Amino acid sequence: MGYVLLAGAIAAEVAATTAMKYSDGFSRLWPSLLTALGYVVAFLLLAQTLKTVSVGTAYAIWAGLGTAAIVVIGALFLGEGLSFAKFAGIAMIIGGVVVLNLGGAH
């Protein structure tokens with residue numbers, strides 16, 4: 001169940017970060033409220049996750065998958081470029097999460 005909660009936390013954080021892009025520096029009400037709500041939900045779910053998943057594992061997955069998801073969303077929906085360097089960076093982040101998990105971070 002911990003990993004299901006973690007997936008929800010990552011989804012909420014990614015949604016909040018995406019909404020922040022549309023908040024125009026918190027000058028637009030609805031995207032700003034979605035940002036705040038998304039981060040509250042993300043941290044509540046992350047806190048529940050930490051009851052059953054080690055903090056190192058949870059944070060590595062949270063940071064790695066969240067970062068990769070935001071880069072993909074930026075490239076697909078926000079007109080941001082996806083260079084070889086960005087792609088390589090995402091691959092290294094995901095590889096790092098895998099190595100942490102295989103190396104006994106949990």
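What counts and how
- Residues numbered from 1 in each chain as written.
- Predicted model: local features only at pLDDT ≥ 70, side-chain atom pairs only at ≥ 80, totals over all residues.
- Heavy atoms only, no water.
- Core = buried A, V, L, I, M, F, W, Y, C linked by side-chain atoms within 4.5 Å.
- Buried < 20%, exposed > 50% of the residue type's maximum accessible area, 1.4 Å probe, protein only.
- Helix = DSSP H or I, 4+ residues; strand = E, 2+ residues; numbered from the N terminus.
- Contact = heavy atoms within 4.5 Å.
- Phe/Tyr/Trp six-rings, centres within 6.5 Å; stacked < 30°, edge-to-face > 60°.
- Polar contact = N/O pair within 3.5 Å; in protein donor to acceptor, adjacent residues only side chain to side chain.
- Expected span 1.5 Å × (residues − 1).

Another point: the nonpolar core. With 14 residues, the main nonpolar core has L6, I10, L46, I61 and W62 as its most contacted residues. Among the elements of the structure, α1 (2-22), α2 (29-49) and α3 (55-77) are those that each provide at least two residues to this core. Excluding residues within four positions of it along the chain, I10 makes contact with I61, W62, L65 and G66.

Glancing now at the packing of aromatic side chains. Taken as a whole and assessed by the stated rule, the structure comprises one aromatic pair. Pairing F43 with W62 gives two aromatic rings, centres 5.7 Å apart and planes at 45 degrees, and the pair type is tilted. Here F43, found in helix α2, pairs with W62, found in helix α3; they are 19 residues apart in sequence, far enough to count as distant. On the basis of relative accessibility, which here comes to 9%, the residue W62 falls in the buried class.

Let's shift gears to the side chain of T49. Locating T49 in the fold gives a position in helix α2. Here the side chain of T49 touches L6 through a polar contact of 3.2 Å, landing on its backbone nitrogen. Setting aside residues no more than four positions away along its own chain, T49 makes contact with G2, L5, L6 and A58.

Our focus in this paragraph is α1. Taking 1.5 Å of rise per residue, the 21 residues of α1 would be expected to cover 30 Å, and the 31 Å separating its terminal C-alpha atoms lies within 8% of that figure. Taken as a whole, α1 has its buried residues at G2, L6, A9, I10, A12, E13, V14, A16, T18 and A19. Next to the buried residues of α1 lie α2 and α3.

Even without being a glycine, D24 presents a positive backbone phi close to 55 degrees. Looking at where D24 falls in the secondary structure, it is placed in the loop between α1 and α2. Phi is positive for F26, close to 65 degrees, though the residue is something other than glycine. The exposure class of F26 is exposed, given its relative accessible area of 52%.

Quick look at the environment of L5 now. Take L5: it is sitting in helix α1. Residue L5 is classed as partly exposed on the basis of its relative accessible area of 22%. Remark: the alpha-carbon pair of L5 and T49, spanning 44 residues in sequence, is separated by 5.7 Å. Not counting the four nearest positions on each side in its chain, L5 is found in contact with L45, Q48 and T49.

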